[in-house]
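Summary of structural features
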Amino acid sequence: MGLTLAGVAAAATQPGSGVVRIASDPTSGPGQHATAVEPQAAAVGASIVTVFQAGRFSDGGSETIGFARSSDAGRTWQPGVLPALTSASTPHGPYDRASDAVVAW
C-alpha cells in the first residue's frame with residue numbers, strides 16, 4: 001500500500017519521521033490541488049533536482065510543472081514552478097497544461 005499525500009504531510013510534521021516535505025502544489029486553478037504526481041529526480045554529488053506535475057487534471061496533464069532543488073545533499077530544498085510554461089506559471093506561458101516532466105543530467 002502506497003503512502004498518500006495526506007500521509008506524507010502528516011509524517012512531515014512528526015519529529016524524527018524521516019520524511020521531509022521538499023515542495024507542495026502552489027496552483028489555484030481548475031486542476032486537483034494538493035497534488036504532486038509523476039515525480040522524476042536526478043542527483044550528481046550533493047546536487048539533487050526533482051520535477052513533478054502540480055495541479056493534476058483527472059483527464060491528463062497538470063496546471064504546471066513544479067520542481068525542488070538541493071545543493072547540499074537534501075538537507076535544504078528550494079521549491080518552485082517552471083516559469084513561462086503554462087497559464088498557471090509566473091510569468092504566464094502559452095500552454096494550458098503540462099505533462100511528463102523529466103530531469104536529464
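The coordinates are above.
Only a predicted model underlies this, so the values are computations on that prediction, with no experimental measurement involved.

1. Quick notes on the pattern of salt bridges
A full pass over the atoms with the stated rule returns two salt bridges. Among the salt bridges present, the one from glutamate 38 reaches arginine 56, with a minimum N-O distance of 3.9 Å. You can see glutamate 38 sitting in strand 1 (residues 32-44) and its partner arginine 56 sitting in strand 2 (residues 47-56), a full 18 residues away along the chain. Linking aspartate 59 and arginine 97 is a salt bridge whose minimum nitrogen-to-oxygen distance equals 2.7 Å.

2. Some points on the environment of glycine 61
Here glycine 61 is to be found in the loop between strand 2 and strand 3 (62-70). Each C-alpha atom, one on glycine 61 and one on aspartate 100, is 7.8 Å from the other, the two residues being 39 residues apart in sequence. Leave out the neighbours within four places in its chain, and glycine 61 touches Gln53, Arg56, Ala98 and Ser99.

3. Here's the deal with the nonpolar core
One finds Ala42, Val51, Ile65, Ala98, Ala101 and Val103 forming the largest nonpolar core, which totals six residues. Those residues in contact with isoleucine 65 that sit more than four places away from it in its chain are Val51, Phe52, Gln53, Val81, Leu82, Leu85, Ala98, Ser99 and Ala101.

4. A look at the sheet that holds strand 4 (residues 78-81)
Within the open sheet, the four strands sit side by side as 1-2-3-4. Their pairing is antiparallel. Each end of this open sheet is capped by a strand with a single partner; those strands are strand 1 and strand 4. Sheet twist, expressed as the average angle between the axes of neighbouring strands with direction ignored, equals 20°.

Procedures and definitions
Residues numbered from 1 in each chain as written. Predicted model: local features only at pLDDT ≥ 70, side-chain atom pairs only at ≥ 80, totals over all residues. Heavy atoms only, no water. Salt bridge = Lys/Arg side-chain N within 4 Å of Asp/Glu carboxyl O. Helix = DSSP H or I, 4+ residues; strand = E, 2+ residues; numbered from the N terminus. Contact = heavy atoms within 4.5 Å. Core = buried A, V, L, I, M, F, W, Y, C linked by side-chain atoms within 4.5 Å. Buried < 20%, exposed > 50% of the residue type's maximum accessible area, 1.4 Å probe, protein only. Pairing = 2+ DSSP bridges. Axes fitted to C-alpha atoms, helices over the stretch in contact; angles between N-to-C directions.

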